[in-house]
Amino acid sequence: MRYGPGHKEEAKAKILGAVGRGFRRLGFGGIGVDGLAKEAGVTSGAFYGHFPSKADAFRAAAVAGMIDVRLAIEQTRASQGASWLSKFADFYMNAKRTCDLSDACALQSLTPEVGRAGSETKAAYEAELLKAVEAMAEGLTGGTLAARRTTAWAILSMLSGGVTLARATDDPAVGAKIASDVKAAVAKLAKQN
């Protein structure tokens, strides 16, 4: 059977989305190629047709996740105007804190796994992380671009760390308090810039 133009790219994108969900939910060591293929609804052979190895699939998922972070920042900036950072922090500390782990942000869920990965994965992830920081810095006001980058690093770190801490709590009230305090700290830091 002949497939139309773009079929292979669509299939790879579908598999990549499923692979990302599997890695976010179970971690690199918690899921194998068979599990990733099952998550994507394909055979292991089809998986290998798109990714030569589990490590290559993880690298692609980590990069795609960081692209999603950058796009979310850019889209929030474009749609929310001057209140973009408050809206982004609210979304991140609420929706990304309480969603199923498979739908969590790559910044929060995949970063620890990237830290255990090889240098090729770290370099690819870092390149996209730098773009996300730049997107955030460009949306901040006041100060030099270098100062805004410093603030962007701090904000992304607080948001990611806040979600990590909140997800690790058993009491929903504690998680909500963490979210509230992190959002307040982000707002305060942004005003200091």
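Here the structure is a predicted model, which is why all the values come from computation and not from measurement.

*Asks:* Looking at this structure, I do not really get the overall build of the protein. What am I missing?
*Replies:* For the protein, the helix and strand inventory stands at 10 helices and 0 strands. Starting at the N terminus, the α and β elements of the protein follow one another as α-α-α-α-α-α-α-α-α-α. A compact globule built from 193 residues should have a C-alpha radius of gyration of about 16 Å, and the protein, at 18 Å, falls within 12% of that. Once the C-alpha set of the protein is aligned to its principal axes, its extents read approximately 60 × 40 × 30 Å. A burial count over the protein gives 39% of its 193 residues as buried. Per element, the accessible surface of the protein, about 10000 Å² overall, is 56% carbon and sulfur. If you average the places of the 25 positive and of the 19 negative side-chain charges in the protein, the two averages end up 2 Å apart.

*Asks:* Is there a simple way to explain the side chain of Glu128 in this structure?
*Replies:* Within the element layout of this structure, Glu128 appears in helix H8 (residues 119-139). Here Glu128 is in contact with Val63, Met66, Ile67 and Arg70, once residues within four sequence places are set aside.

*Asks:* Please explain the pattern of salt bridges as it appears in this structure.
*Replies:* Opposite charge on two side chains lets them pair, provided their charged atoms get close. If you walk through the whole model with that rule in mind, you get 9 salt bridges. The partner of Arg25 in a salt bridge is Glu39, and the shortest N-O contact between them spans 2.9 Å. Taken as a pair, Arg25 in helix H1 (residues 7-26) and Glu39 in helix H2 (residues 33-40) lie far apart in primary sequence, 14 residues in all. We classify Glu39 as partly exposed; its relative accessible area is 27%. In this structure, the salt-bridge partner of Lys131 is Glu128, at a minimum N-O distance of 3.2 Å. Of the two residues, Lys131 and Glu128 are both situated in helix H8; the distance of 3 residues between them amounts to about one turn of the helix. Here the salt bridges share partners, and the residues they tie into one network are Asp56, Arg59 and Glu120.

*Asks:* Could you clarify how one ought to interpret the side chain of Arg59 in this entry?
*Replies:* Position of Arg59 among the secondary structure elements: in helix H4 (residues 54-80). Those residues in contact with Arg59 that sit more than four places away from it in its chain are Glu120, Thr121 and Ala124.

*Asks:* Any chance you could explain the packing of H8 against helix H9 (residues 145-167) here in plain terms?
*Replies:* In helix packing, the relevant descriptors are the interaxial angle and the interaxial distance, both defined with respect to the helix axes. Orientation of H8 relative to H9, taken along the N-to-C sense of each, is 115 degrees, at an axis distance of 8 Å. Between H8 and H9, the interaxial angle falls into the category roughly perpendicular. Once H8 is placed against H9, the crossing between them reads as right-handed. Between H8, through Leu129, Leu130, Ala132, Val133, Glu134, Met136 and Ala137, and H9, the contact on the second element is made entirely by Leu145, Arg148, Arg149, Ala152, Trp153, Ile155 and Leu156. Looking at the contact of H8 with H9, its residues break down into 11 nonpolar, no polar and 3 charged.

*Asks:* What's the story with H2 in this structure? I'm lost.
*Replies:* The α-helix advances 3.6 residues per turn, and as a result positions three or four apart in sequence lie on the same side. Among the residues of H2, those classed as buried are Val33, Leu36, Ala37 and Ala40. Angularly, the buried residues of H2 cover 100 degrees about the axis, an arc narrow enough to put them on a single face. Residues of H2 that are exposed and angled more than 90 degrees away from the buried face: Asp34 and Lys38. Within two residues after H2, Gly41 carries a phi angle of roughly 75 degrees, on the positive side.

*Asks:* Would you take a moment to explain the packing of aromatic side chains for this structure?
*Replies:* The geometry of an aromatic ring pair is captured by the separation of the ring centres together with the interplanar angle, meaning the angle of the planes. Per the counting criterion, the structure on display carries 7 aromatic pairs. The interplanar angle of 10 degrees and the centroid separation of 5.7 Å between the aromatic rings of Phe23 and Phe28 together place this pair among those described as stacked. Their ring planes at 45 degrees and their centres at 5.7 Å tell us that Phe47 and Phe51 sit as a pair that is tilted. Site record: aromatic cluster; members linked through ring pairs are Phe23, Phe28 and Phe58.

The rules behind each value
Residues numbered from 1 in each chain as written. Predicted model: local features only at pLDDT ≥ 70, side-chain atom pairs only at ≥ 80, totals over all residues. Heavy atoms only, no water. Helix = DSSP H or I, 4+ residues; strand = E, 2+ residues; numbered from the N terminus. Rg over C-alpha atoms; globule rule 2.2 N^0.38 Å. Buried < 20%, exposed > 50% of the residue type's maximum accessible area, 1.4 Å probe, protein only. Areas by Shrake-Rupley, 256 points an atom, 1.4 Å probe, with all protein chains shown as cover. Lys, Arg positive; Asp, Glu negative; His and termini not counted. Charge placed at Lys NZ, Arg CZ, Asp CG, Glu CD. Contact = heavy atoms within 4.5 Å. Salt bridge = Lys/Arg side-chain N within 4 Å of Asp/Glu carboxyl O. Axes fitted to C-alpha atoms, helices over the stretch in contact; angles between N-to-C directions. Parallel < 35°, antiparallel > 145°, perpendicular 65-115°, else oblique. Left-handed = near helix turned anticlockwise from the far one by under 90°. Nonpolar A, V, L, I, M, F, W, Y, C, P; charged D, E, K, R; others polar. Arc of directions from axis to C-beta. Phe/Tyr/Trp six-rings, centres within 6.5 Å; stacked < 30°, edge-to-face > 60°.

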